[in-house]
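Notes for the structure review
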Amino acid sequence: MVDHSDWRVGAASAPVHHGEILQGVFTGREGSVRGLVTLPSTLHTTRATFTPAPGTEVTVSPGWKGKARRAAELALRELVPADAGAVGGHLELTGDVPLCRGFGSSTSDVLSAIWAVKDAFTDPLPPRVVARLAVRAETASDSLMFEDSTVLFAQREGTVIEDFGYRMPPLRVLGFGSRPSNRGKGVDTLALPPARYDGAEVERFALLRDMLREAIQMKDVALLGSVATASAEINQRHLPVPGFDRIRAIQRTCGAVGVQVAHSGDIAGLLFDRDDPEVEARTARAQELLRGTGIDEQWNYTTGD
């Protein structure tokens, strides 16, 4: 008889992101690949519990969270030895992550599920393994599993194109809904065709990658903001943000270091140096000017805390 005395209820939580600092096509070890650099966020969280049970079935609540259920199944296969008998269980998810906005709700679900299963069996699961499982569960994933460093991540392969070695320098992010007429409705990310970048854009991505590496290694917030702004400008040809020129003007007026967008969502952000003595005044001025353009769905948070 298989001993289940060491089973326990696993619990975990996973963060969200706020779109991307950089997204495009990059050269990796196996040629050109689509990749992204995620902007971390503390705004929302997904929490998961996993209760192991004999058998092969994994159930999930809410029932429509199929990607998370699939992630739990994959994590069980990774963690449970073949001679341990059939193991299933029940996955419970709660949280406050808005859907289809660019916060990475699916990845947050999937990660919390994988980490809850890991916690139930108290086994190690390295981030690169978690990345592989996440992509298998949801086709394309964000890089939220890499909590201790900034990575250029191949979102459809689940592999790291480049590890920049450090977290991003601290930022104050003034986020907002970038499509006021679409308030809160989001973007159907699954229906979006992959962006078709031209040769000039691909060359520019290589330069931006080099700039981002320097920004992270030197903790250069201004250079980081320049990379984010350039990536957002390129994205205007693929999923344009209405009134982007006005947003850029507000950025310059308020002394924000850059503009960033969710490249497959409807949120965007003005980036400020968190350690700037004038950051509160600059943020408040930007909020006022954004409201003057009809953008009143706003929030703010800081990274690096």
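Heads up: the structure comes first, above all this text.
Below is a summary of the structure that appears in this document. Source: prediction; values computed, not measured. (Residues numbered from 1 in each chain as written. Predicted model: local features only at pLDDT ≥ 70, side-chain atom pairs only at ≥ 80, totals over all residues. Heavy atoms only, no water.)

Take the overall build of the protein next. Across its full length, the protein carries seven helices and 10 strands. Taking 19 Å as the expected radius of gyration for a compact globule of 305 residues, we find that the protein reaches 20 Å, a close match to that expectation. Each principal axis of the C-alpha distribution contributes one length, and for the protein these read about 70 × 40 × 35 Å. Looking at the protein as a whole, 53% of its 305 residues qualify as buried. Here the contacts in the protein between residues at least 6 apart in sequence split such that 74% fall between residues at least 24 apart. Treating the 33 positive side-chain charges of the protein as one cloud and the 39 negative ones as another, the clouds have centres 4 Å apart. (Helix = DSSP H or I, 4+ residues; strand = E, 2+ residues; numbered from the N terminus. Rg over C-alpha atoms; globule rule 2.2 N^0.38 Å. Buried < 20%, exposed > 50% of the residue type's maximum accessible area, 1.4 Å probe, protein only. Contact = heavy atoms within 4.5 Å. Lys, Arg positive; Asp, Glu negative; His and termini not counted. Charge placed at Lys NZ, Arg CZ, Asp CG, Glu CD.)

Here we take up the pairing of strand S7 (residues 171-177). Along S7, seven of the seven residues are buried, which leaves the element largely enclosed by surrounding structure. Side chains Leu171, Val173, Gly175 and Gly177 of S7 all project onto a buried face; the interleaved residues Arg172, Leu174 and Phe176 project onto the opposite face, where all are buried too. Sheet topology note: the S7/strand S9 (residues 267-273) ladder contains seven bridges and is antiparallel. The partner of Leu174 across the bridge, within S9, is Leu270. Bridging between S7 and strand S10 (residues 298-302) involves five bridges; their strand directions are antiparallel. Counterpart to Leu174 in the pairing with S10 is Asn300. (Pairing = 2+ DSSP bridges.)

Now for the pattern of salt bridges. Within this structure, the stated rule accounts for 18 salt bridges. Residues Arg8 and Asp119 are paired through a salt bridge, measuring 2.8 Å at the closest nitrogen-oxygen approach. With Arg8 in the segment before strand S1 (10-28) and Asp119 in helix H2 (residues 105-121), the pair connects residues that are 111 residues apart, well separated along the chain. For Arg8, a relative accessible area of 40% corresponds to the partly exposed category. A relative accessible area of 24% means that Asp119 is categorised as partly exposed. Of the charged contacts in the structure, one is a salt bridge between Arg172 and Glu280, with a shortest N-O distance of 2.7 Å. (Salt bridge = Lys/Arg side-chain N within 4 Å of Asp/Glu carboxyl O.)

Let us now look at the side chain of Thr302. On the secondary structure map, Thr302 appears in strand S10. Once residues within four sequence positions are removed from consideration, Thr302 is found in contact with Thr42, Leu171, Arg172 and Arg274.

To continue, consider the packing of aromatic side chains. Under the criterion given, the structure shown has four aromatic pairs. Relative to Trp299, the ring of Phe103 has its centre 5.9 Å away and its plane inclined at 50°; by these criteria the two rings are tilted. Separated by 196 residues along the polypeptide, Phe103 in the loop between strand S4 (87-95) and H2 and Trp299 in strand S10 bring together distant segments of the chain. Residue Phe103 shares its accessibility class with Trp299, and that shared class is buried. An aromatic cluster is defined as three or more aromatic residues linked by ring pairs; in this entry it consists of Phe26, Tyr197 and Phe205. (Phe/Tyr/Trp six-rings, centres within 6.5 Å; stacked < 30°, edge-to-face > 60°.)

Attention now moves to the packing of helix H6 (residues 244-254) against helix H7 (residues 279-292). A pair of packed helices is captured by two measures, namely the crossing angle of their axes and the spacing between those axes. Packing of H6 against H7 brings their axes to within 9 Å, and their N-to-C directions diverge by 150°. Here H7 runs roughly antiparallel to H6, going by the angle between their axes. Crossing hand, H6 versus H7: right-handed. Two secondary-structure elements touch here, H6 through Ile250, Thr253 and Cys254 and H7 through Arg282, Arg285, Ala286, Leu289 and Leu290. (Axes fitted to C-alpha atoms, helices over the stretch in contact; angles between N-to-C directions. Parallel < 35°, antiparallel > 145°, perpendicular 65-115°, else oblique. Left-handed = near helix turned anticlockwise from the far one by under 90°.)

Turning to the environment of Lys65, a few remarks are in order. Locating Lys65 in the fold gives a position in the loop between strand S3 (58-61) and helix H1 (66-79). Considered as a pair, Lys65 and Ala286 are 221 residues apart in the sequence and their alpha carbons are 37 Å apart. Not counting residues within four places of it along the chain, the set of residues in contact with Lys65 comprises Val60, Leu93 and Asp109. Here Asp109 takes part through its side chain, which lies 2.8 Å from a polar atom of the side chain of Lys65. (Polar contact = N/O pair within 3.5 Å; in protein donor to acceptor, adjacent residues only side chain to side chain.)

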